[in-house]
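Coordinates in review
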There are 2 protein chains.
Amino acid sequence: MTGTTVLGVLGGMGPMATVDFLKKLVEATPAARDQDHLGVMVAQASDIPDRTSAILGRGPDPLPAMTTALRRLEAAGATRIAMPCNTAHHWHGALQALTPVPILHIVDAVAEALARKGIGGGSIGLLATDGTLLSGIYPQRLARFGFTCRTPEDQSSVMRAIRRVKAGACAEARDLLRAQAEALVASGCRQVVLACTEIPVALAEPPVPLRPLLLDATQALARACVASAIEPASRAA
Amino acid sequence: MTGTTVLGVLGGMGPMATVDFLKKLVEATPAARDQDHLGVMVAQASDIPDRTSAILGRGPDPLPAMTTALRRLEAAGATRIAMPCNTAHHWHGALQALTPVPILHIVDAVAEALARKGIGGGSIGLLATDGTLLSGIYPQRLARFGFTCRTPEDQSSVMRAIRRVKAGACAEARDLLRAQAEALVASGCRQVVLACTEIPVALAEPPVPLRPLLLDATQALARACVASAIEPASRAA
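Note that the structure is predicted; figures quoted are calculated from it, not measured. (Residues numbered from 1 in each chain as written. Chains lettered and ligands numbered in written order. Predicted model: local features only at pLDDT ≥ 70, side-chain atom pairs only at ≥ 80, totals over all residues. Heavy atoms only, no water.)

1. Concerning the sheet that holds strand 1 (residues 6-11) of chain A
Defined as follows: Two strands pair under a simple rule: DSSP has to find at least two bridges between them. Starting at the N terminus, helices and strands are each numbered in turn, a helix being any DSSP run of H or I of at least four residues and a strand any DSSP run of E of at least two. Lines fitted to C-alpha atoms define the axes, with helix axes restricted to the stretch in contact, and inter-axis angles between N-to-C directions lie between 0 and 180 degrees. Contacts: residue pairs with any heavy atoms within 4.5 Å of one another.
Strand order across the open sheet formed by six strands is 3(A)-1(A)-2(A)-2(B)-1(B)-3(B), with mixed pairing between neighbours. Edge positions in the sheet fall to strand 3 (80-82) of chain A together with strand 3 (80-82) of chain B, since each of these pairs with one other strand and no more. Going across the sheet, the axis of each strand differs from the next one's by a mean of 20 degrees, ignoring polarity. Judged from the six bridges that link them, strand 1 of chain A and strand 2 (residues 39-44) of chain A form a sheet pairing that is parallel. Counterpart to V6 of chain A in the pairing with strand 2 of chain A is G39 of chain A. Sheet contacts for helix 3 (residues 63-75) of chain A: strand 1, strand 2 and strand 3 of chain A together with strand 1 (6-11) and strand 2 (39-44) of chain B; angle to strand 1 of chain A, the most-contacted strand, approximately 160 degrees.

2. Concerning the domain arrangement of chain A
Residue and element names in this part refer to chain A. The condition is simple: Annotation comment: domain bounds sourced from an automatic or database domain assignment. A 1.4 Å probe defines the accessible area here, and the buried area is the portion of it lost by two parts on being joined, summed over both. In the sections that follow, a salt bridge refers to a side-chain nitrogen of Lys or Arg positioned within 4 Å of a carboxyl oxygen of Asp or Glu. N or O atoms closer than or at 3.5 Å make up a polar contact, with two conditions inside protein: a donor-capable atom paired with an acceptor-capable one, and, for residues adjacent in sequence, both atoms drawn from side chains.
On domain assignment, one finds that chain A holds domain 1 (6-105 + 220-235) and domain 2 (107-217). Computed from C-alpha coordinates alone, the two centres of domain 1 and domain 2 are separated by 20 Å. Listed by partner, the interface residues are 22 residues for domain 1 and 27 residues for domain 2. It is N86, H105 and A220 that lose the most area in domain 1 upon contact with domain 2, and together they represent 38% of the buried surface on that side. In this structure, the connection of domain 1 to domain 2 is made through one salt bridge. In this structure, D216 engages K24 in a salt bridge whose closest nitrogen and oxygen atoms are separated by 2.6 Å. Counting across the domain 1 and domain 2 interface gives 16 residue pairs in polar contact (both at pLDDT 80 or more).

3. Some points on helix 9 (residues 170-186) of chain A
Residues and elements named next belong to chain A. Our working definition: Each residue after the first adds 1.5 Å to the expected span of a helix. Per-residue accessibility, obtained with a 1.4 Å probe over protein chains only, is compared with the maximum for each type, and a residue is labelled buried under 20%, exposed over 50%, and partly exposed between these values. The directions from the helix axis to the C-beta atoms form the arc being described.
Across its 17 residues, helix 9 extends 24 Å between first and last C-alpha, which sits within 8% of the 24 Å expected from 1.5 Å per residue. Along helix 9, the positions that sit buried rather than exposed are A173, L177, Q180, A181, A183 and L184. Taken around the axis of helix 9, the buried residues stretch over an arc of 160 degrees, which confines them to a single face. Residues of helix 9 that are exposed and point more than 90 degrees away from the buried face comprise D175 and A186. Elements in contact with the buried residues of helix 9: strand 4 (122-127), strand 5 (147-150), helix 8 (155-166), strand 6 (191-194), helix 10 (199-202) and strand 7 (214-216). Immediately downstream of helix 9, the backbone of G188 shows phi near 110 degrees, a positive value.

Shown next as structure tokens:
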């Protein structure tokens, strides 16, 4: 962590989703010993107010607490920042305006992952929070790449599942999420993006027929971070 | 993470062991929503030279890189520090002398976990690195509580297993570790301490007869951190 890339992780939204991201980051790194891994600083800033409540106008603004965590990461020497929380990307522009340190965008990472899968356009399903859907970050950003986004038949069951994961009840969440993912595929979606970092925690072992149709945004972000560290010159621009 | 306890995690030794520790920390925290969790700053300082090689006199001193990570955690506001690496505790005293921030000791956390299991003395087996065994941190610190420590029949297979985990090959490691744990139990150990943070990564699902006889030092440290944050006044002294 001296002199080279230090990835700052603005985390805690939620805490287990950050752990899941860190695991995927380690797995995505070509390494045979400790010293081959990236230098990473993580702010597990669990006191950040709920992002969806804020976007829906029912809760406090999370930006001040996110800014505190950002400042801690800057103080600790971060040279890149990633946020393993899709909904938090509603504030991506506001945070980027506060710091010269590049903040990777999770939707760009998903677009890169779709391209790697050879999917160049069409309808994409979103399993996400109400806040992420209302903020429009996915349809706005994916439209540039020729994608249209579709939301679940029963969004309330997706939100229920996300809250169950945050409370540690993953088994209940799994069945709810699987039903909504299957319905999105049946409605013609080429891929279903797990666009809330709590969702892959619950869907760690999806049923085999569904597996190739799911795209894990957390894993996509982890891979983008590794690529950014390995090819800093081409990505920091 | 504003105003209250911020746990600093001096990690990266190795990176997946730190992820395992963070997972156990989240699981050990009584929480139903993000905001109930501890504020945590993690330095995933994977560039710290190998601890065992240094203790054996075959590699560079890890203390300078550990000190850099410590300084980053201090700069980021840590009010307590934990190191999810048993071997790193060889430098616990040297690091504690550099900072007023209390650094929890993993062997004290293990002693507390033994007490919670109702085990008040006797023979304890150690699955640990060559460095941890040579440093003597476990027998020295556990002797105060009436324990004697026993080392594996075939320590070289334990080291081989640890290196396999660091390279991502957990299945191979599991069989090696299980055989040594069973031999320690057969030789009269009341508990076998998984005293290297790579080991519970490989032994996540130990065979049922062995399960109650294993004590996971990583989990013990995570629980000690949660207790320290919940009762700061009584533990910070």
